[in-house]
Amino acid sequence: FFFFKQKTAYEMLRSLVGSEMCIRDRYMGLADKTQFKSNLATLIQSKAQASDAVQSVLRLLNDFKQAELDEQARADQRNQTEEQNGAQVISEYNSLVENNNQIAKKCTINREYVEGQLNQATSRVTFIDGRLLELQQLIQDLSDDRCQSNGLFVNALAQNRDALVAVETLKKDFQSVVDSGSEVELAQVENIADRIKQYENLFEESAVKSFVSLSQNFRDSQGNDVTGNGYVDQVTGRVYQDTRSIPERVFRLVLQLQVQLQSSINDIESNEIQAAFQFRQLQESVAAESNTLTNERAQKVTLIDKLGVELEVARDYEGRCWNIHRQTEQALDAAVQDLEHRRQFYQLETQRRNDEIRILNDVLRVFRAKVGKLEEYLNQIQVESN
């Protein structure tokens, strides 16, 4: 079989035909010579040997042909096995590619989730830092406002207390006048009105006008009382008759101022207490929020550190998963290409064997025809010699 690979069927065909022609031509030349009969005897003697050689050549050619057919059968079986194995390998690689693709996608989703959690935690820490600064500034502003408010409270309370002391003094002075039934001079009323006007910003406008009205109605332009016990209401402009004496009326007004001042002091103190309580509540609320945010910030910072490590792991695992996926795809491509190369090789070898079998068939046909003619020629010479 190896010898046949070295010498093609075409070469064998030319050699066989050439050999047959050489044998024929040689013995035709011998027909005109005197040694013809002697050589013919030798030729007839070697006829049996030539027949054996022809059969050997035919067997050799048939063996070559059968070897090609057997090799093709083995190639067909091998190709069928390779097709089945290749299809199975490709199917397995396809499954691996799909599975690895799903795993890699899940790795990407996990990495994106960790990144999202990390970004949320980082944004939350940024918000908390900003909010803590706002709360700190709010407490500072409220403390400044509270200090200013305390100063205003102290001043307002001092003014009202000073006015209350002055009114209480006037009250005591007129209490003795009212009790003794003494007359009140205009100068006394005007002095009271002047002292009251010093604190007019602390009293209601009607109260101050009542004192002014009392001093104005006390005398006319010539110094005479024109209204008697009557008085003009400076708010409405109406004239009222009051049966009480001037000291009683002054005392009543002073008493009203005292009540008003005490009420104002009570309101100021109440407002201050309420403001202090609200400020304290706000401080506690801000402190509680600050503590909550501070604790949350500590938790978020711990979470950020943890997520940072998880993100590195997730990225590394994602990269390895996608790398395995790419390697699987490359293996799939290699398996497909290998199967395709085997198919092409099988097709080329099949075509080569078919060509060689066809050539062997031609060689056998030509060889049998030439051998038949040679036998006829030898038989004819033998008959003629007899």
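Residues numbered from 1 in each chain as written. Predicted model: local features only at pLDDT ≥ 70, side-chain atom pairs only at ≥ 80, totals over all residues. Heavy atoms only, no water.

With that settled, consider the overall build of the protein. Counting its regular elements, the protein contains 7 helices and 2 strands. Listed by position from the N terminus, the elements making up the protein come as α-α-α-α-α-α-β-β-α. In the protein, of all internal contacts separated by at least 6 residues, the share reaching a separation of at least 24 is 84%. (Helix = DSSP H or I, 4+ residues; strand = E, 2+ residues; numbered from the N terminus. Contact = heavy atoms within 4.5 Å.)

Time to look at the environment of Leu 157. Topologically, Leu 157 is positioned in helix H4 (residues 47-180). The class of Leu 157 is buried, set by a relative accessible area of 14%. Each C-alpha atom of the pair Leu 157 and Ile 268 lies 7.0 Å from the other, and the pair is 111 residues apart in sequence. Contact partners of Leu 157, with chain neighbours within four places excluded, come to Ile 265 and Glu 269. (Buried < 20%, exposed > 50% of the residue type's maximum accessible area, 1.4 Å probe, protein only.)

Further remarks concern the environment of Ile 90. Summarising the element assignment, Ile 90 is placed in helix H4. Through-space distance from the C-alpha of Ile 90 to that of Val 336 is 6.7 Å; in sequence the pair is 246 residues apart. Beyond its immediate chain neighbours, meaning those up to four positions away, Ile 90 contacts Leu 332, Ala 335, Val 336 and Leu 339.

A separate point is the side chain of Thr 108. Positionally, Thr 108 belongs in helix H4. Leave out the neighbours within four places in its chain, and Thr 108 touches Glu 318 and Trp 322.

Our focus in this paragraph is the environment of Leu 282. Here Leu 282 shows up in helix H7 (residues 246-385). Residues Leu 282 and Ile 139, spaced 143 residues apart in sequence, show a C-alpha to C-alpha distance of 8.6 Å.

The topology assignment puts Glu 349 in helix H7. A polar contact of 2.8 Å, which involves the side chain of Glu 349, links it to the side chain of Arg 352. (Polar contact = N/O pair within 3.5 Å; in protein donor to acceptor, adjacent residues only side chain to side chain.)

Time to look at the nonpolar core. Residues Phe 153, Leu 157, Ala 163, Leu 164, Val 167, Leu 170, Val 254, Leu 257, Leu 261, Ile 265 and Ile 268 constitute the largest nonpolar core, which totals 11 residues. Elements supplying a minimum of two residues to this core: H4 and H7. The greatest single-element share of this core, amounting to 6 residues, is contributed by H4. If sequence neighbours within four positions are ignored, Ile 265 has contacts with Leu 157, Asn 160, Arg 161 and Leu 164. Ranked by size, the runner-up nonpolar core spans 10 residues in total, among them Leu 58, Phe 64, Ile 359 and Leu 364. (Core = buried A, V, L, I, M, F, W, Y, C linked by side-chain atoms within 4.5 Å.)

Turning our eyes to something else, we now look at the pattern of salt bridges. Per the stated rule, a full pass over the model turns up 24 salt bridges. Measuring nitrogen to oxygen at the nearest pair gives 3.2 Å for the salt bridge that ties Arg 315 to Glu 115. Residue Arg 315 is located in helix H7, and its partner Glu 115 is located in helix H4; the two are separated by 200 residues in the primary sequence. We classify Glu 115 as partly exposed; its relative accessible area is 22%. Taken together, the salt bridges that share partners define one network made up of Glu 71, Arg 74, Arg 78, Glu 349, Arg 352, Arg 353 and Glu 356. (Salt bridge = Lys/Arg side-chain N within 4 Å of Asp/Glu carboxyl O.)

In low-pLDDT regions, the fine details of the predicted coordinates are not to be read closely. Confidence in the prediction of the protein, expressed as mean pLDDT, is 76, and 65% of residues score 70 or more. Throughout residues 1-10 the model reports pLDDT below 50, and contacts reaching past four residues in sequence, or to other chains, amount to 21 contacts. With pLDDT under 50 throughout, residues 16-34 is counted as low confidence; its partners more than four residues away or in other chains account for 14 contacts. (pLDDT = per-residue confidence, 0-100.)

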